[in-house]
Each structure stands twice: as structure tokens, then as C-alpha cells.
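Per-entry structural report
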Amino acid sequence: MGSASVGSARPINLNDADERTGRAGVGGRRRAGNGPLGKDDAEGPKKKRKRLGRKMLAALIAMGIIFVASVTVIATYFFQNTPPIKDVFRQGESSAFLSADGVQVGAFGDTLRLQADPEEMPDTVKDALVALEDRKFWDHGGVDYIRTMGALVNNLTGGETQGASTITQQYAGMYMDAREDISYDRKAREAALAIKMESEYSKEEIIGAYLNMAYFGRGAYGIEAAAKNYFNVPLADLDYDQAAFIVMQVKSPNGYYDPYYEDEYNEEASVGRWNFTMNAMVETGALTQSERDGYEYPTPIDTFNASGSWGGNTDYGFIVNERDGYVFDELLTRYGITKDMLKGNTEDNTGGGYTVELTIDSQIQAALKTTGSRGQLAVKTDADGNMLNENDEIVTNRDEAALDKNDEGYVYFEDTNEEATLAEYEDYMTTAMVAIDPDTGEVLGWYGGDNGFGVDKAGDESPHPPSSTFKLITAATAIENGDSIDSWFNASSPRPFDTLKNDDTETCIGGGEYPNCTLRNGGQESKIELTLTDSLRQSKNTPMYAISQKYGSDAILSYADAMGLDMMTQTRQVYDDDDKAHDVVVGYKFHDNGTYTQYGQALDGEGNWVTDEFGNIALETPLLLDDNCNPVVNLDGVFLADTDGEADACEIGGRSTTDPFYHHLAFGQYPTSVADMASMYATIANDGEHWPTHFVKEVRDNEGNVVEPVEELESKQVIDVETARDLQWVGSEIGGESEVDQLSRDYFGKTGTWEATCEDCETGWNAHAWYVGAIPQLSIAAWVGNATSESDPIAGPDGNKDGVFGSNTAYPVWFDAMNRILDAKEGDERWDEEIEWEGKANKGSASTWDIEDAGGPLEGGAFCAAKPEDPLCAGQVDEQAQEDCEADGGTWDGETCQPGEDEDEGGEETSQEPTGEESTDEECTGMPWDPPSCDDETSAEPSEESSESPGGNNQDDN
């Protein structure tokens, strides 16, 4: 047996074990000295020197790298901006939609990204991340120097490549979008940025930013998206076992640790990684050993939606939903950004990652939803509460359930929102609102319903007759053409108009019997004369029709187009090749240049319906037109599509002064959108200056650079300032009923109602109610209607279908929304400023042309009572004076009244017949002092209403 070696024993190098045979040295004896013969001993002095040289070289290189890294760190620290900690997107990633105040409200793309509030990140995910990636996170200043130097030496001496980055450094690396690059220069830059971040942000902000930005696999960017795609639970409900499973995916998001990806999954590695993370949390103190022992390896869900498009089924959805959200057309038109560019490509990491800041203010949007939402529409259920489809079969998915209907055949709401203005109204009634900033044209709020995949009651797909709210546009036309708010009109009802006669067929356009074709003010019968101011405040139709007849409905439409009208529809007759008439609904779009185009559902050249990208019949196909701008239909009365797919433009008024709408345009017969009404009133509120309505405030690409628009928005002065101020003044006394006497600041507006036309409808029932109004900072249009049908009636606050006005239905909606907005904005300097209107300007002249056109002043009417010196009243004053004289027992000598002999100046007063100022005609105004006969007022035309209570901001005539 060999003797023990002299000196200290050297540990065996396991890397050299396969080079030793285990036999004794030459002669069977061990060499005395430092233990077994090593690899360096066998190589000889020359090779030893080479290895020593390589180590020295490595050390020098290390020193050089440290020097370069130090320079890089210093330069980066002082000359590179600190990475932002939110709204950072990358190539190939989905694009995000944010509200104007930074709240993410939707996204578009193939990867799901959800952003959580860092302050609401649960401890489970933070503890798991720290234990797995950076146990000293809460203590270091952004860089763990010991780990970094250890990794550097290991990498230089040929060991397995190590990263050693802290959570802060990893975030900096994600921000620089190059996590695969571990070059030492990059590491140095990451370190510098990490140090800067730690000096500017709190630890909670940094770890929150990391968890919001990291990619966790399954198409999920951000921990909230991961919670949804792995376990389908809210972020706040993630337990430690689930949190550990999710955070361990960051280093291998390709499925190596995820059983969903069968080809990539390594169960042993996944379970091992999870155990390591859970045990690490025991070591960091996040869990006790007993708590850790209570957890088992979790099983993630195997069905999930990896699509990055979301937000479409919310109240923001009409703007951002991936099917037909309004934002996509605007991004294409104004910025040249297509859907493909927004979506991004995860295969090659190109495109995508845009951040689209919307104009929507989340506080204003919340106010509109709180005011308008009545919850979901009720669905059919059985006695046990199970949802049923149309065939009365039980379904578990609400989308597959049939809508329930009440005894009247109307769908109805569940009324889960007690704060809704209509909560106490009939449950089949709904509302829509749009809020626009007059000074910019920005849409600050849009409520067309709770689900953006449903019918948008505020937009083009569901237009409503604007009724009397459109009269301010007609009045603007009159004032712009030289009339004034003091101009006089014959406001009698019924009133004959020659343009209501159709002599070819001996019929009337509207009411009356040919040749006595007349127009009415609702169901009123009265002979009255009013100024333009009172015609608007008492909401009379006949003066508006007279204005259109005088200046042309094309003139009114042109002003509306310039003020913000984008679309309208009308039901009209067109003739096929066999000269057969067909009733069709035509959609019109206006382009702010005096032209219009026409749209509808149409057949292509092969007789097939034109469809959209999802295979549905397209609602807005450009129509084929004849030489006179009439739509072409086939023998079945179906539109034919334009052959080149481009809509042909027609000139407003190109064929006549009633092209394309008749004079009924003047009092709001033709349906338009809630948004368009808000836009036109915004123009009035902005003293006649119009800004295009838009949804996009700013766009940034995936590098954070602002994308400049290819088409700039421009404002235009479309009506005179004085015209706008006169309209503001007139509308300042048109309010309605509310629980509060008045709004806290100046506003103007106009009510409106339109009749119901269903087969079973009774005379006097209304289907539409409006109030459109504005304060200087905000224009809001509010509409109320039947959720089932545009032609079916609505009811008043007492449930009665009679007596429905804009003032007792739509005005309370507008009022509540505006008050909620002002309450939410309290403390905001821009909103706290109570700007007052300038007051009326008295533009134009007090014209009397309509009094003349109507055949002269009414006998004993208000016109001559107010303007006895007017030449039109010559003779009437003398006749009235003679009547009064003789009634008092006097004698009229042709110029003066001679008192009768028996007259006692000190005797009792004698009763007088009413003068022209005291008309005996019963006039239904909707006010509390109306005669009883007004209770059963009919409505063959749009219903008439005046302010039932002042708007609360009456102004002096100055």
C-alpha cells in the first residue's frame, strides 16, 4: 500500500476526473508534495504560461470592459432620458386606446395588453417576482453590484452566460426593446437607466411598470392580461400559487413552462421552476413554510382568447370596437394609419404598438353613462331563472338568450342603475347623449348604449328626427339673410302654403285637403303673430316653414352642413325602369363643401348584396345615381351599387331649392344623429366658429414618437358672431322640468319632440324627445326614445303617453348629465370659470315680409298692436280706436273720440273687449297656465312646446 502524501491534500477537480485513471504513478508510488498530478503538471511549463497569460488577458479585458462600462454608465446617466413607467409599447404589439386623461379604454391587435394601476398590484405577484428575479429589489438602488460583478467574471472566464440584471434593469432593457442583446455596453446602459429610474420613481412604481410591460406568454402583455389568460380571474384574486406560475413564464413565454403548448411544454422543468419560486418566497419571508406546503402546482385554463382587441363591449365600444369603431376611419383619414399598421405582426415584430390618445374625458364619459345607463336589456328566463333562447331552450351564454318583451311587445331594461335619470320612467325607454367641446370639436363623451357591439343610438346607424331642435339652424339662416330675432311672422295654425300643394296629383304635402293644403303647429288651432324670438321659444312650425319657403331648404341645409351636420336620412319615392314607384330609405352624407353623397344597402353588378369585411350586408354602400342625382333601383325596388365603389357627389340645391330635402327640413323632420346635433350647437356656443368633430387627440408610435397628422383640422367661421349671440340669447330662456330650479351657470338650448307613427299609436303620442344645449365649455345633445322601435311611443314621468315633451323627458337627462360633469370638474380652473354669454347683438332688421306673404296683418293681431305705425297696419289702428270709442259710448269723428253725454269719468269701470294684445285664441304652449283644451292636444306634425319653466339664466336685453 502506498504511504500518505506529505503536505496538504488538494480537493479533486471534478472536471478533471475523467482524465485520471485512478492508478498509482510510475513504479506504483505516489509523488510526495501537493497531491495528485494535475492537468497543469502534465502540460508542462510552456502550457502553464499560456493559461496564465489567458487569465491575465481576461483580467485586462475585464478591466477594460469595466472602464468602458463606467464611461457608458456616466454618459447614459447624464445624457439619456429616464424611461417612462407607463404607456410604453413595442413593435408587433397591439395598439392601445387611452382616454384623454390616460385611462386605457381599449386595444386592437393579436396580443392582449391590459394595464393595471400600480397601486392596486396585489402582493402575491410582487412577492413572487421579487423572490424569483431580484431578492434585493427593495434594498438596492437599481443595480446589484455584487451579482453584476460575479456575472461579469463568470462570463469572461468561460462560465455559462449570466444576466444578473435587477428588476429595474430588466425594465430598462424592455424599454430599450432588446432583452435578447446582453452585450456589455447594453448592460452598462441598462444599469445607468436603472439608477436614474430609482432616483425618480418609487419602488412600487417600478415594479408596477415591470408587471404592466412584461410579456407572460399566451399573447398576454401585463400581469392583468396574464391573470385573465392563464386563470381567468381578476388580478386582485391571484393567489400565490397562480402568481408564481405566471411570473415564471417571463423567461420562457414560448410555452416551455405552459401545458397549453403541448409541443413545447416540459412538465419536469415547469414543476421544478414553480417549486423553486415557491420555496424562494419562503426564503424571502413572503410565505411561511406551512403556508407554502398548502399550495400545489396549479393547472391553468385551456380555453382563452388571446386576441388583443378589447373594449368593444363597453360604452367606449362604439369608438374603439374592432369591427366598426369610429376611431379607425379617423386614423386612416387624418393620420394615414391602417388597421394592419395598428394591429402589428407578432411573427416578425413589426408594426403595431401605437398609443392612440382619444379626446374622450373619462369623467365626462362616466357622467353620461351614469345618467343614461339602465343596465342590460332583460332576457327570457324560465321559472327557475334559467336563460332561454328563441326556441325556449336553456342557454348559459347571455348572448345566446332571447330578449324578453313586456305586455306591449317592447324590450325593456333591468333597471340596475338607480342613478339613471330615466330610472322611474317606463322601462322600455332609452337615451343617448354626445358631449362636444365647442372650442376644439373634440368629442369629450359619447353614450349610445352600454355595449359598443349593439346599436349606437347616438350615431349614424340610428338617426332620429331632430324636430324643433333644428329650428335654431333655420333661424340662423334667416338672420344670416338679413332678418333678425325681432322679425315678425304669421305663426297661425293651421296655415296654408302654396308649396304644400301638389297640383299634378291634386294632393297635399302634409295636412289639409287639396287645394286647402296647410301646415299645423302640432294640434293647435290659433291665429297669432310672433317675432322670431317668440316663434322659437314657443316652438312654432309655420314660421320655420315660411323661412324655408323664402330662402330655400337648400340654404338651411348648407348652413347646417357648415355648422356640423354630417348625415341625414329620408324616406322617399324612386321609380324603376317600368316607372313603378318604390318607397326607399336613402342615407345622405355632407362634406362641408356644398355637396352630398348617397348611401344605402345595395346590390353589386352580379346581383349580390354588397357586404362589409365581416360578411354582413353593408349599410353604407355608395349608390348608383342617374343623371339627376336620383338613386337607381331594380324592379324590386332595391338599390344598385355605384359601379366604381366611389360615391358620386351632388350639389346641394343643384336641381332646385328643395334638393335634396323639402321645406319640412326647417322644423326637423329628417332624421340625423345625436352627435350632429351636439356639433351644430357647439358651433353656436363657439360664436359661430366650427371645429370638425373628432375622436383622436394624439397618436404615438411604438417608440413614443408623436405621429403628425397628414390632414390638419381647421376651424371656420360659418355664421357671424352676432348671429350666434342672438341664438344664444333666444335659447337662454328655453329650459324644462328638473328637480333643481336652474343650472349653476349660463346655458342655452332647445327642446323638441316628434310624433309616434306606429299602427296602434294614438294621436298626440310622441316617439322622440330632445334637448340640445350648451354652456360655453360644453355642448350636449340628449335624445330619449323607445328601445324597440323608432316609430313607437314613449311616456312622460307619470307613465302617461300623452303630454310627452322634450322638457319633461330629454331635458332632465341633459340637466343631470351637465350637473354631474360640473360636479366632477369642480376644482378644475377651466371648468370652474362661469363664462357668461355676451347677450343679444340684434343683428339684421326687424323684417315683416312673412306678414305680407301671409296676406297682411291679422285683424286685431299682435303685430299691429306692437307696431301701430307700420304701414301694413294703416286702417287697423283707426278701426280699433273707433270700436273702442263706440264701445265706451263715445262718438268717433274720424280722428278722435268724443265722449258720450252719459259717461261718468268717476263711475264704475266698464268691461272692454280684448284688444289685439289679448287674443282670445287658445294657444297650447305646454306651460302650466295652458287652457284645459290643451290636455288632449293632437300632433299631426312635430309636437310644439315652449319652456315649461325657465332655463334659469334669463338675461337682460343688452
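Residues numbered from 1 in each chain as written. Predicted model: local features only at pLDDT ≥ 70, side-chain atom pairs only at ≥ 80, totals over all residues. Heavy atoms only, no water.

1. Points about the overall build of the chain
When you go through the chain residue by residue, the secondary structure sums to 26 helices and 31 strands. Counting the 958 residues in the chain, one finds 50% classified as buried. Within the chain, counting contacts between residues at least 6 apart in sequence, those at least 24 apart form 70% of the total. Surface summary for the chain: the accessible area is close to 45,100 Å², and the carbon and sulfur share equals 45%. (Helix = DSSP H or I, 4+ residues; strand = E, 2+ residues; numbered from the N terminus. Buried < 20%, exposed > 50% of the residue type's maximum accessible area, 1.4 Å probe, protein only. Contact = heavy atoms within 4.5 Å. Areas by Shrake-Rupley, 256 points an atom, 1.4 Å probe, with all protein chains shown as cover.)

2. Brief notes about the side chain of Asn 389
For Asn 389, the location among the structural elements is in the loop between strand S6 (387–388) and strand S7 (394–395). At 2.8 Å, the side chain of Asn 389 and the backbone nitrogen of Glu 393 are in polar contact. In this structure, Asn 389 is in contact with Lys 380, Val 395, Glu 400, Ala 401 and Ala 402, ignoring residues within four places of it in sequence. (Polar contact = N/O pair within 3.5 Å; in protein donor to acceptor, adjacent residues only side chain to side chain.)

3. Structural notes on the pairing of strand S5 (residues 355–358)
Two strands pair when backbone bridges link them, and strand S1 (residues 95–98) and S5 are joined in this way by 3 bridges, in the parallel orientation. Following the sheet pairing, Ala 96 is matched in S5 by Thr 355. (Pairing = 2+ DSSP bridges.)

4. Notes on the sheet that holds strand S11 (residues 495–496)
Reading across the sheet, the 3 strands line up as S11-S15-S14 and stay open at both edges, with antiparallel pairing between neighbours. Both edges of this open sheet fall to S11 and strand S14 (511–513), since each of them pairs with a single strand only.

5. What about the nonpolar core?
Side chains of nonpolar character tend, in soluble globular proteins, to be buried together. Counting 100 residues, the largest nonpolar core has Phe 97 and Leu 331 as the members making the most contacts within it. When residues of this core are assigned to their parent elements, the largest contribution, 9 residues, is made by helix H20 (residues 674–685). Beyond its immediate chain neighbours, meaning those up to four positions away, Leu 331 contacts Phe 97, Gly 336, Ile 337, Leu 342, Val 356, Val 696 and Val 699. Core analysis: the next-biggest nonpolar cluster, separate from the first, contains 48 residues, Ala 227, Tyr 230, Ala 244 and Ile 246 among them. (Core = buried A, V, L, I, M, F, W, Y, C linked by side-chain atoms within 4.5 Å.)

6. Some words on the pattern of salt bridges
For the structure shown, the criterion picks out 31 salt bridges. In this structure, Lys 380 engages Asp 392 in a salt bridge whose closest nitrogen and oxygen atoms are separated by 2.6 Å. Of this pair, Lys 380 sits in the loop between helix H15 (362–372) and S6 while Asp 392 sits in the loop between S6 and S7, and the two are 12 residues apart along the sequence. The exposure class of Lys 380 is partly exposed, given its relative accessible area of 21%. Looking at Asp 392, the relative accessible area reads 47%, which means it is partly exposed. The salt bridge involving Asp 687 is made with Arg 725; its shortest N-O contact spans 3.6 Å. Residue Asp 687 is found in the loop between H20 and strand S24 (689–690), and its partner Arg 725 is found in helix H21 (residues 721–731); the two are separated by 38 residues along the sequence. Asp 687 sits in the partly exposed class, given a relative accessible area of 23%. In the salt-bridge network here, residues are joined through shared partners; they are Asp 123, Lys 126 and Glu 204. (Salt bridge = Lys/Arg side-chain N within 4 Å of Asp/Glu carboxyl O.)

7. Examining the state of the cysteines
One pass over the full model with this rule turns up 4 disulfides. The disulfide bridge from Cys 629 ends at Cys 650, spanning 2.1 Å between sulfur atoms. Because the sign of the S-S torsion sets the handedness, a value of about -105° for the bond joining Cys 629 and Cys 650 places this disulfide among the left-handed ones. Here Cys 629, found in the loop between strand S21 (621–622) and strand S22 (639–640), pairs with Cys 650, found in strand S23 (residues 650–651); they are 21 residues apart in sequence, far enough to count as distant. Each member of the pair, Cys 629 as well as Cys 650, carries the same accessibility label: buried. What pairs with Cys 864 in a disulfide is Cys 873, and their sulfur atoms sit 2.0 Å apart. (Disulfide = S-S within 2.5 Å.)

8. A closer look at the sheet that holds strand S27 (residues 748–755)
Sheet strands pair via backbone hydrogen bonds, and the direction of the pair is either parallel or antiparallel. Overall, antiparallel pairing links the 5 strands, which are arranged S9-S8-S29-S28-S27 in an open sheet. Only two strands of the sheet have a single partner each, and these edge strands are strand S9 (443–447) and S27. Neighbour-to-neighbour, the strand axes of this sheet turn through a mean angle of 10°, independent of strand direction. Summarising the sheet, strand S8 (residues 429–436) and strand S29 (residues 778–786) pair through 8 bridges and their orientation is antiparallel. Residue pairing in the sheet places Thr 431 in a bridge with Val 784 of S29. (Axes fitted to C-alpha atoms, helices over the stretch in contact; angles between N-to-C directions.)

9. Observations regarding a negative patch on the surface
A surface patch of negative charge is lined by Asp 823, Glu 826, Asp 828, Glu 829, Asp 832, Glu 833, Glu 834 and Glu 836. Tracing the chain through its elements places Asp 832 in helix H23 (residues 829–832). (Patch = residues over 30% accessible without salt bridge, like charges linked within 9 Å, V, L, I, M, F, W, Y side chains within 5 Å. Lys, Arg positive; Asp, Glu negative; His and termini not counted. Charge placed at Lys NZ, Arg CZ, Asp CG, Glu CD.)

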